[in-house]
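What the coordinates show
The residues making up each chain are set out below.
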Amino acid sequence: MKQNILLLFIVICLLLLPFLLIKEKHDAKSPPSLELDFEIECPILIEVKGEQQKIPLETYVLGVVAAEMPISFHEEALKAQSIAARTYVLRETNYGETPIEKTVQKQVYASEEERKKKWGSSFEEYEEKLRKVVASTEGEIIVYKDQLITAMFFSTSNGQTESAENYSGYAIPYLVSVPSEEEELFAPNVNKQFEYTKKEWANAFGLKWSESIAKTFQVTKTDSNRVESVQINGKTWTGREVRTLLGLPSTDFKVTFKNDKVIVDTVGYGHGVGMSQYGAEVLAHDSVGAHDILLHYYKGTEIKSFSTCLKSPSNANNSN
């Protein structure tokens, strides 16, 4: 009798297995873990904080691409952004089960009204272009070993993307440093310069200015030429902390103490991990398709297509 019950339990588990998805969690403070998610409801609706109603997945993706990437970009770059945005929100929200903020820390989202205001008289032209782009990628996601990836992306690189390990201290196999060159051909402000008075500089670090600050200032860099840490008077700040304290566009910066000023020169914009948006534009203009753009920035991944309910993943053609 017990054997029959056990056999029945195993059969039920096997029948339910296709309806369960495994999600990997990457956290800088703890190792990744695998957990079984829930059965996905259809259609997939995304709850965006600040929006009154839930938004159909593909409509949400369109709004993210409109907000996150210039509409003037090459269609293959826009397609790559569409697939990355879809992948990101599905993982971040557990396939629509939890809400997502429309912030730069997550994904910015532009509603139809916001797009009309942003594009003005060009709205119909741009909306049509974007709808065709998003529709051509419908249902496509990025996976690593059949699990949705954390599809991080940013604006502009310094010629090399940053690895997740350098950024957070925790290695993620598909978020490694890769070349992303010639972005200055398309990006308007790859290089920027900032000036601070010595008092402003010291105050940013909670210090009182003294000449020892300049004398003890030391920088450690990562292999992508971004600042890993800064030392001043025996105290240490990470590059990310310095970027926040000074309001810098990236962690690739050079500091020069000059007379009564502190000069900071920066390269790139954003955290540097994952897909560079202007790097995608460069590749697209070099006749690289959207799938191959994604495979360049997310190493060892695959592009897959799924049914409306995400219950039947299948390999997608990797060439556009």
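Note: the structure precedes this text.
Description of the structure in this document. Everything quoted here is computed from the prediction, not taken from an experiment.

**Some remarks on the overall build of the chain**
- A count of helical and extended segments in the chain gives eleven helices and 16 strands.
- In the chain, buried positions account for 45% of the 320 residues.
- For the chain, contacts bridging at least 24 residues in sequence account for 64% of all contacts bridging at least 6.
- Summing over all exposed atoms, the chain offers an accessible surface of approximately 16,800 Å²; the carbon and sulfur share of this is 51%.

**Focus: the packing of helix H4 (residues 112-119) against helix H5 (residues 123-136)**
- Contact geometry for H4 and H5: axes closest at 9 Å, N-to-C directions at 125 degrees. Compared by their axis directions, H4 and H5 come out oblique. Seen along the crossing, H4 lies across H5 with a hand that is right-handed. Note on element contacts: H5 touches H4 through Phe123, Tyr126, Glu127, Leu130 and Arg131, opposite Glu112, Arg115, Lys116 and Trp119.
- Of the residues that constitute the contact of H4 with H5, the class distribution is four nonpolar, no polar and five charged.

**What about helix H9 (residues 239-246)?**
- All of the buried residues along H9 are Gly239, Val242 and Leu246. Buried residues along H9 cover an arc of 60 degrees about the axis, so they all sit on one side.
- Tucked into the core, H9 has its buried residues touching strand E8 (191-197), helix H7 (198-204), strand E10 (227-232), strand E11 (235-238) and strand E12 (253-258).

**What about the pairing of strand E13 (residues 261-267)?**
- Bridge count between E8 and E13: seven bridges; the pairing is antiparallel. For glutamine 193, the partnering residue across the bridge sits in E13 and is aspartate 265.
- Here E12 folds back onto E13 in antiparallel fashion, the turn holding two residues, of which asparagine 259 has a positive phi close to 50 degrees.

**Focus: helix H2 (residues 57-68)**
- With twelve residues, H2 extends 16 Å between its outermost C-alpha atoms, agreeing within 8% with the 16 Å of an ideal straight helix rising 1.5 Å per residue.
- Judged by how many residues are buried, H2 sits mostly within the fold: nine of twelve residues are covered.

**Some points on the pattern of salt bridges**
- For the structure shown, the criterion picks out twelve salt bridges.
- Between glutamate 101 and lysine 49 there is a salt bridge whose closest N-O contact spans 3.9 Å. On the criterion of sequence distance, the pair formed by glutamate 101 in the loop between helix H3 (75-92) and H4 and lysine 49 in the loop between strand E3 (45-46) and strand E4 (55-56) is long-range, its members being 52 residues apart.
- The exposure class assigned to glutamate 101 is partly exposed, which follows from its relative accessible area of 34%.
- Its relative accessible area of 44% is what places lysine 49 among the partly exposed residues.
- Taken together, the salt bridges that share partners define one network made up of Glu112, Glu113 and Lys116.

**A look at the sheet that holds E11**
- Overall, antiparallel pairing links the three strands, which are arranged E9-E10-E11 in an open sheet. Strand pairing shows two members of the sheet lacking a second neighbour, strand E9 (218-221) and E11, which therefore form its edges. Each strand of the sheet is rotated relative to its neighbour by a mean of 20 degrees, with strand direction disregarded.
- Relative to E11, E10 is paired through four bridges, and the arrangement is antiparallel. Bridge pairing links isoleucine 232 to lysine 235 in E11.

**A word on the environment of threonine 197**
- Assignment of secondary structure puts threonine 197 in strand E8.
- On the accessibility criterion, threonine 197 (27% relative accessible area) is partly exposed.
- Expressed as a C-alpha distance, the spacing of threonine 197 and lysine 258, which sit 61 residues apart in the sequence, is 9.9 Å.

**Regarding the environment of valine 264**
- Looking at the secondary structure, you find valine 264 in strand E13.
- Here the alpha-carbon distance between valine 264 and leucine 248, two residues 16 residues apart in the chain, equals 8.8 Å.
- When neighbours within four sequence positions are excluded, valine 264 is seen to be in contact with Lys192, Gln193, Phe194, Tyr196, Trp201, Leu248, Phe253, Lys254 and Val255.

**Describing the environment of threonine 238**
- By the element assignment, threonine 238 lies in strand E11.
- Here threonine 238 falls in the partly exposed class, since its relative accessible area comes to 37%.
- Spatially, the C-alpha atoms of threonine 238 and valine 219 are 9.7 Å apart, while their sequence positions differ by 19 residues.
- Not counting the four nearest positions on each side in its chain, threonine 238 is found in contact with Glu228 and Ser229.

**A word on unusual backbone geometry**
- The phi dihedral of asparagine 259 is positive, around 50 degrees, even though this residue is not glycine.
- Here asparagine 259 shows up in the loop between E12 and E13.
- Judged by its relative accessible area of 64%, asparagine 259 falls in the exposed class.

Criteria and thresholds
Residues numbered from 1 in each chain as written. Predicted model: local features only at pLDDT ≥ 70, side-chain atom pairs only at ≥ 80, totals over all residues. Heavy atoms only, no water. Helix = DSSP H or I, 4+ residues; strand = E, 2+ residues; numbered from the N terminus. Buried < 20%, exposed > 50% of the residue type's maximum accessible area, 1.4 Å probe, protein only. Contact = heavy atoms within 4.5 Å. Areas by Shrake-Rupley, 256 points an atom, 1.4 Å probe, with all protein chains shown as cover. Axes fitted to C-alpha atoms, helices over the stretch in contact; angles between N-to-C directions. Parallel < 35°, antiparallel > 145°, perpendicular 65-115°, else oblique. Left-handed = near helix turned anticlockwise from the far one by under 90°. Nonpolar A, V, L, I, M, F, W, Y, C, P; charged D, E, K, R; others polar. Arc of directions from axis to C-beta. Pairing = 2+ DSSP bridges. Expected span 1.5 Å × (residues − 1). Salt bridge = Lys/Arg side-chain N within 4 Å of Asp/Glu carboxyl O.

No statement about biological role is implied by the geometric values presented.
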